[in-house]
Amino acid sequence: MTASMTAFSRQEAVFDWGTISWEIRSVNQRFLEPNFRLSERFRELEFNLRDTLRKQLNRGKVECQLRFQPADQTANGLNIHPENAQALAQALQQLPTWFEQLAPVSPLDILQWPGIVADTSTDADSIKKSVLELFQTAVQDLIQVRLREGEQLEQLIHQRLDAIDDIVKQVQEKLPAILEAQKQNLTDKLAEAKVELDPMRVEQEIVLLAQKADVAEELD
């Protein structure tokens, strides 16, 4: 299938831990020339990214940029497990029936109790896996864009080839008449000059002229 070298793809995904987006641009190039713009956090993924690109593209200058926006955990507040908090509250209500003197429990003590506040930290490997998967999606989209543009280019090329074919046919049809006109033109010029030439010599000149004017090979 015909594929264009010029294409653009942008893919974005939103997660609890943040937003990632890939932008891939490609232009014509004899060989595959990838260039990655990554933050230091994802620099170690470049080898895998290049390998993914190399397996699916064989030429083109390809610019790949990754953007990562982590989620603002402070804006969202703390994620509290309601079931665990309710169970802890019930236990605290029962303690005075067993103990006479208890120190008051502060809200901070409750938040520090294991299982009350949800762990919002995300495994770095999980984030990197999502980055690689989204890159694969972006590359596939880039390929589809290339193919769609390639189909349009193929149609334009066929239109021009058909037009050239029509012109060649017209020239081929007119070529015998053109050669005959040149032959008559040479004969008329000799007659006007009133030059007495050997008929055999005139015939040879006409043959040479016809050979020079023959464009059959160019038309083929």
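Here goes a summary of the coordinates provided.

Conventions we followed
- Just so you know, the residues in each chain are numbered from 1, in the order the chain's sequence is written.
- Local features in this predicted model are restricted to residues whose pLDDT is 70 or higher, and side-chain atom pairs enter the listing and the counts only when it is 80 or higher, whereas totals over whole chains, interfaces and linings include all residues.
- Hydrogen atoms and water are omitted, and side-chain values are computed over all heavy atoms in the structure.
- Following DSSP output, two strands are said to pair if at least two bridges run between them.
- Counting from the N terminus, the helices are the DSSP runs of H or I reaching at least four residues and the strands are the DSSP runs of E reaching at least two.
- Under this scheme, a helix contributes an axis fitted over its contacting stretch, all axes are lines through C-alpha atoms, and angles between N-to-C directions fall in the 0 to 180 degree range.
- Accessibility here uses a 1.4 Å probe with only protein chains present; expressed as a share of the type maximum, an area under 20% marks a residue as buried, one over 50% as exposed, and anything in between as partly exposed.
- We call two residues in contact whenever any of their non-hydrogen atoms come within 4.5 Å of each other.
- Salt bridge, as used here: a side-chain nitrogen of Lys or Arg that lies within 4 Å of a carboxyl oxygen of Asp or Glu.

What follows deals with the sheet that holds strand β4 (residues 60-70). The strands making up a sheet associate through backbone hydrogen bonding, with each pair oriented either parallel or antiparallel. Strands sit in the order β1-β2-β4-β3 across an open sheet of four strands; the sheet is mixed. Here the strands that pair on one side only, and so sit at the sheet edges, are β1 (7-15) and β3 (32-37). Here the strands of the sheet are splayed against their neighbours by 10° on average, with no regard to which way each runs. Strand direction decides the pairing type here: β1 and strand β2 (residues 18-27), joined by nine bridges, are antiparallel. Bridge assignment links E12 to a residue of β2, and that residue is S21.

Bringing the side chain of K128 into the picture now. Of note, K128 is situated in helix α5 (residues 124-193). Under the relative-accessibility criterion, K128 is labelled buried at 15%. When sequence neighbours within four positions are dropped, the list of residues in contact with K128 reads R41, F42, E44 and L45.

Here we come to the pattern of salt bridges. Per the stated rule, a full pass over the model turns up 10 salt bridges. A salt bridge links R10 to E12; the nearest nitrogen and oxygen atoms lie 3.3 Å apart. A salt bridge links D165 to K169, with the shortest nitrogen-to-oxygen separation between them at 3.4 Å. Of the two residues, D165 and K169 are both situated in helix α5; the distance of four residues between them amounts to about one turn of the helix. Accessibility expressed as a relative area gives 37% for D165, which makes it partly exposed. For K169, a relative accessible area of 43% translates into the label partly exposed.

By themselves, these figures tell us nothing about what the structure is for.
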